[in-house]
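# Observations on chain architecture
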Amino acid sequence: MPTMRAMLLDAPRTPLHPAELLVPEPGAGQVLLKVHACGVCHTDLHILDGELTEPNLPLVLGHQIVGTVTGSGPEAQRFHLGERVGVPWLGATDGTCRYCRRGQENLCEAPTFTGYHVDGGFAEYALADERFCFPLPENYTDLDVAPLLCAGLIGYRTYRMAGENVETLGIYGFGAAAHIITQVAKFEGKKIYAFTRPGDTAAQEFALRLGADWAGDSTQMPPEKLDAALIFAPVGRLVVSALRATNKAGVVVCGGIHMSDIPSFPYSLLWKERIIRSVANLTRRDGEEFLALAPQVPIKTDVKVFPLEQAGKALEQLRHGEFTGAAVLEINRK
Ligand SMILES: [Zn+2]
Ligand SMILES: [Zn+2]
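Residues numbered from 1 in each chain as written. Chains lettered and ligands numbered in written order. Predicted model: local features only at pLDDT ≥ 70, side-chain atom pairs only at ≥ 80, totals over all residues. Heavy atoms only, no water.

The 6 strands lie next to each other as S12-S11-S10-S13-S14-S15, forming an open sheet whose pairing is parallel. Among the strands making up the open sheet, the edge pair consists of strand S12 (214-217) and strand S15 (275-278). When strand polarity is set aside, the average angle formed by the axes of neighbouring strands in this sheet is 20 degrees. Sheet analysis places strand S10 (residues 168-172) next to strand S11 (residues 191-196), joined by 5 bridges and oriented parallel. For threonine 168, the partnering residue across the bridge sits in S11 and is lysine 191. Of the strands in this sheet, S11 and S12 are in contact with helix H6 (residues 201-209), which crosses S12 at around 165 degrees. (Pairing = 2+ DSSP bridges. Helix = DSSP H or I, 4+ residues; strand = E, 2+ residues; numbered from the N terminus. Axes fitted to C-alpha atoms, helices over the stretch in contact; angles between N-to-C directions. Contact = heavy atoms within 4.5 Å.)

It is worth spelling out the side chain of arginine 274 at this point. Assignment of secondary structure puts arginine 274 in the loop between strand S14 (246-254) and S15. Of the buried charged residues, arginine 274 lacks a salt bridge, with aspartate 227 as the closest side chain of opposite charge at 9.4 Å. Separated by 3.2 Å, the side chain of arginine 274 and the backbone oxygen of asparagine 247 make a polar contact. (Buried < 20%, exposed > 50% of the residue type's maximum accessible area, 1.4 Å probe, protein only. Lys, Arg positive; Asp, Glu negative; His and termini not counted. Salt bridge = Lys/Arg side-chain N within 4 Å of Asp/Glu carboxyl O. Polar contact = N/O pair within 3.5 Å; in protein donor to acceptor, adjacent residues only side chain to side chain.)

Surrounding the zinc ion (ligand 2) are the protein donor atoms Asp94 (OD), Cys97 (SG), Cys100 (SG) and Cys108 (SG), which sit 2.0 to 2.3 Å from the metal. Note that the zinc ion (ligand 2) binds 4 donor atoms; their angles at the metal cover 94 to 119 degrees, and the shape is tetrahedral. As a motif over one chain, the donors of the zinc ion (ligand 2) read D-x2-C-x2-C-x7-C. Of the two residues, cysteine 97 is situated in the loop between strand S6 (90-92) and helix H2 (98-101) and cysteine 108 in the loop between H2 and strand S7 (112-113); the sequence distance between them amounts to 11 residues. Given the relative accessible area of 7%, cysteine 108 is considered buried. (Donors = N, O, S within 2.8 Å, 3.2 Å for Na, K, Ca; no water. Tetrahedral: all angles 85-135°; square planar, octahedral: opposite > 155°, others 65-115°.)

Our next topic: unusual backbone geometry. A cis amide bond links leucine 57 with the next residue in sequence, proline 58, at an omega value of -15 degrees. Following the sequence through the fold, proline 58 ends up in the loop between helix H1 (42-48) and strand S4 (65-72). Cis geometry marks the peptide bond from valine 297 to proline 298, where omega comes out at -20 degrees. The topology assignment puts proline 298 in the loop between helix H8 (284-293) and strand S16 (303-307).

A few words now on the packing of aromatic side chains. The description of an aromatic ring pair uses the distance of the two centres, along with the angle that the planes make with each other. One pass over the structure, following the stated rule, counts 9 aromatic pairs. Between tyrosine 156 and phenylalanine 290, the ring centres sit 5.3 Å apart and the planes meet at 40 degrees, which makes this aromatic pair tilted. With tyrosine 156 in helix H4 (residues 151-161) and phenylalanine 290 in helix H8, this residue pair connects regions lying 134 residues apart in the sequence. Judged on exposure class, the residue tyrosine 156 and its partner phenylalanine 290 are both buried. Seen in terms of ring centroids, phenylalanine 306 and phenylalanine 323 are 6.3 Å apart; in terms of plane orientation they differ by 65 degrees. Their pairing is edge-to-face. Taken together, the residues phenylalanine 306 in strand S16 and phenylalanine 323 in the loop between helix H9 (311-319) and strand S17 (326-330) connect sequence positions 17 residues apart. The same class applies to phenylalanine 306 as to phenylalanine 323, namely buried. Site record: aromatic cluster; members linked through ring pairs are Tyr172, Tyr193, Phe195 and Trp214. The ring of phenylalanine 132 carries arginine 284 above its face, with NZ or CZ at 3.8 Å from the centroid. (Phe/Tyr/Trp six-rings, centres within 6.5 Å; stacked < 30°, edge-to-face > 60°. Lys NZ or Arg CZ within 6 Å of the ring centre and 35° of its normal.)

Rendered as structure tokens:
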């Protein structure tokens with residue numbers, strides 16, 4: 001039986017460790033992927049820390065998988081052998097619940113999330129439901145395209161939720177998602193105000209390099225009011241800071257899966273039709289739209305590359321904001 005290297009999570013709040021696992025066999029409708037790259041995401045940290053409470057342990061994390069098809073199970077015929085595909089967080093849905101039926105499969109009642117309910121891409125091979133894989137734009141390398149699959153895709157859904165009437169856009173938390181969405185928003189002619197952890201001048205300079213019109217600390221007010229604010233840092237008090245910085249009818253969109261508590265605030269901050277909303281997961285349509293848009297912008301990702309065995313180190317550096325851009329594991333180098 002062939003085996004593969006993987007990084008395994010045995011229990012929350014314990015370090016990932018290297019393991020030798022059997023290469024899985026694709027079941028009905030599944031493809032077997034040889035993984036070339038896998039992005040590292042804040043959601044992986046929330047799973048590691050036990051803030052997401054239903055991981056299928058022991059677990060291989062990773063839901064921004066770039067791989068080539070090396071096998072297909074029964075009834076899987078969408079992709080040919082050797083084709084490069086991407087696997088996102090939404091690994092499968094039931095297709096039948098009230099949300100799936102009305103085009104909100106991101107809210108499915110019985111979803112399967114990659115690297116959470118099923119093993120993900122911190123391994124040399126991974127299985128995926130072929131219906132939820134994306135063909136990837138050709139003009140990206142494996143490493144460069146990986147962050148588009150979650151940071152990009154869920155960032156894009158978050159950005160779209162800000163609505164049409166946005167000239168001034170605030171982005172709170174300038175990590176992987178922000179660095180991608182700044183490029184999309186500039187492409188669409190928005191003015192961008194980037195907010196980072198207080199004193200994080202490296203992230204502020206990075207934001208300005210990517211085209212932000214202003215960058216400052218999250219404790220500061222922007223020089224002009226915002227029509228919308230996107231929050232990518234898991235910090236509840238930023239919701240209040242962002243509300244304070246918005247125009248009438250301003251929209252504050254929370255893009256993360258987990259956030260610390262939002263402090264109470266006076267109703268006057270919400271008054272005048274301001275909106276607070278969250279974004280959950282993604283639909284396949286978000287992915288198709290975003291991956292078609294990416295080469296037009298064109299979005300360039302800034303990646304910090306780690307070998308598979310350093311997945312734990314990548315997660316800790318992400319936690320502490322020790323790099324700009326997106327972390328990606330390089331696996332099965334071609
Ligand atoms: Zn993610
Ligand atoms: Zn459903």
